[in-house]
Amino acid sequence: MAVLALAVAMTAVDEWVERLEDAGELTPEAVDRIVGVHGTRGQQAIEAVGERRVKEYRDFTVVVGHEDEYVVEDGGCTCADSEYNLNREDPDELCWHAIAARIAAAIDATDEHDMWYSDVRDFL
Ligand SMILES: [Zn+2]
């Protein structure tokens with residue numbers, strides 16, 4: 001399985017992103033795949049997208065968690081999970097905020113805000 005994965009240039013994340021882009025929605029198959037690759041993080045991400053908790057500002061994508069908001073930039077995130085638990089060398093290891101941002105972007109399910117997050121975050 002590892003050999004097979006190396007032979008294919010696409011990562012598991014690229015694969016499900018492409019699947020979502022093709023379908024334009026979270027199909028049951030895509031949900032299975034995302035949860036299969038990411039486990040609980042995948043489930044949390046899908047839930048967040050369903051509740052439109054992925055906010056697209058002019059400058060950043062922000063994912064609203066239960067206690068805080070997280071800025072996702074270039075697939076990276078500011079949360080503790082990203083910082084302490086994930087292997088940065090592995091493109092398939094993403095925190096649930098980064099997964100949610102990828103899902104929402106792929107199926108156009110972001111909640112768009114025509115403003116700068118850097119301006120509004122102080123008021124939140
Ligand atoms: Zn995160």
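Here, the structure is the one placed above.
The following paragraphs examine the structure supplied in this document.

Parameters at a glance
- Residues take numbers from 1 onward in each chain, read along the sequence in its written order.
- Reporting in this predicted model follows two pLDDT cut-offs: at least 70 for local features of residues, and 80 or more for side-chain atom pairs to be given and counted; totals over whole chains, interfaces and linings ignore these cut-offs and use all residues.
- Secondary structure elements are taken from DSSP: a helix is a run of H or I of four residues or more, a strand is a run of E of two residues or more, and numbering for both begins at the N terminus.
- For this measure, only C-alpha atoms enter the radius of gyration; the expected value for a globule follows 2.2 Å times N^0.38, where N is the number of residues.
- Exposure criterion: with C-beta atoms placed from backbone coordinates, a residue whose C-beta has 20 or more other C-beta atoms within 10 Å is buried, one with 12 or fewer is exposed, and one in between is partly exposed.
- For helices, the fitted axis covers only the stretch in contact; all axes are lines through C-alpha atoms, and the angles between them, taken along N-to-C directions, range from 0 to 180 degrees.
- Each angle receives one of four descriptions, namely roughly parallel if under 35 degrees, roughly antiparallel if over 145, roughly perpendicular if within 65 to 115, and oblique otherwise.
- C-beta atoms are first placed from the backbone for all residues, and any pair lying within 7 Å is then listed as a contact.
- Ten residues, namely Ala, Val, Leu, Ile, Met, Phe, Trp, Tyr, Cys and Pro, are considered nonpolar, four, namely Asp, Glu, Lys and Arg, are considered charged, and the remaining ones, Gly among them, are considered polar.
- Any set of buried Ala, Val, Leu, Ile, Met, Phe, Trp, Tyr and Cys residues joined through C-beta atoms within 7 Å is what this text calls a nonpolar core.
- Pairing between two strands requires that DSSP report at least two bridges joining them.
- When the near helix sits turned anticlockwise from the far one by under a right angle, the crossing is termed left-handed; a clockwise turn instead gives a right-handed crossing.

Focus: the overall build of the protein
Move 1: Along its length, the protein carries seven helices and five strands.
Move 2: Of the regular secondary structure in the protein, the N- to C-terminal order runs α-α-α-α-β-β-β-β-α-α-β-α.
Move 3: In terms of overall size, the protein behaves like a compact globule, its C-alpha atoms giving a radius of gyration of 15 Å where 124 residues would be expected to give roughly 14 Å.
Move 4: Each principal axis of the C-alpha distribution contributes one length, and for the protein these read about 50 × 30 × 25 Å.
Move 5: Burial status across the protein gives 29% buried among its 124 residues.

Regarding the packing of helix α3 (residues 28–38) against helix α4 (residues 40–50)
Move 1: For the pair α3 and α4, the least separation of the axes is 6 Å and the interaxial angle reads 135 degrees. Judged by the inter-axis angle, α3 sits oblique to α4. For the pair formed by α3 and α4, the contact residues are Val-31, Ile-34, Val-35, Val-37 and His-38 on the first element and Arg-41, Gly-42, Gln-43 and Ile-46 on the second.
Move 2: Class assignment for the residues of the contact of α3 with α4 results in five nonpolar, three polar and one charged.

Section: the nonpolar core
Move 1: Counting residues in each nonpolar core, the largest one holds 28 residues, and the members touching the most others are Ala-45, Val-49, Val-63, Ala-100 and Ile-103.
Move 2: Secondary structure elements with two or more residues in this core: α2 (12–23), α3, α4, β2 (61–64), β3 (69–73) and α6 (96–106).
Move 3: Looking at this core, the element that brings in the most residues is α6, giving eight residues.
Move 4: Beyond its immediate sequence surroundings of up to four residues, Val-63 is in contact with Ala-48, Arg-53, Val-54, Glu-69, Tyr-70, Val-72, His-97, Ala-100 and Ala-101.

Considering the environment of Glu-18
Move 1: Of note, Glu-18 is situated in helix α2.
Move 2: Judged by the 12 C-beta atoms lying within 10 Å of it, Glu-18 falls in the exposed class.

Observations regarding the pairing of β2
Move 1: Direction of pairing for strand β1 (residues 54–56) relative to β2: antiparallel, over a ladder of three bridges. Across the sheet, Val-54 pairs through a bridge with Val-63, a residue of β2.
Move 2: Taking the residues between adjacent antiparallel strands as the criterion, β1 and β2 are bridged by four residues.
Move 3: Judged from the four bridges that link them, β2 and β3 form a sheet pairing that is antiparallel. Bridge pairing in β3 links Val-62 to Val-71.

A short note on the packing of α2 against α6
Move 1: The contact between α2 and α6 brings their axes to 8 Å, and the two run at 30 degrees. As summarised for this structure, α2 and α6 are arranged roughly parallel, according to the angle between their axes. Here α2 runs over α6; the crossing is right-handed. Along its contact with α2, which presents Val-13, Val-17, Leu-20 and Glu-21, the element α6 presents Arg-102, Ile-103 and Ala-106.

Here's the deal with the sheet that holds β2
Move 1: What the five strands build is an open sheet, ordered β4-β3-β2-β1-β5; its pairing is mixed. Among the strands making up the open sheet, the edge pair consists of β4 (76–77) and β5 (111–112).
Move 2: As judged from the two bridges shared by β3 and β4, these two strands associate in the antiparallel manner. By the bridge assignment for β4, Val-72 is matched with Cys-77.

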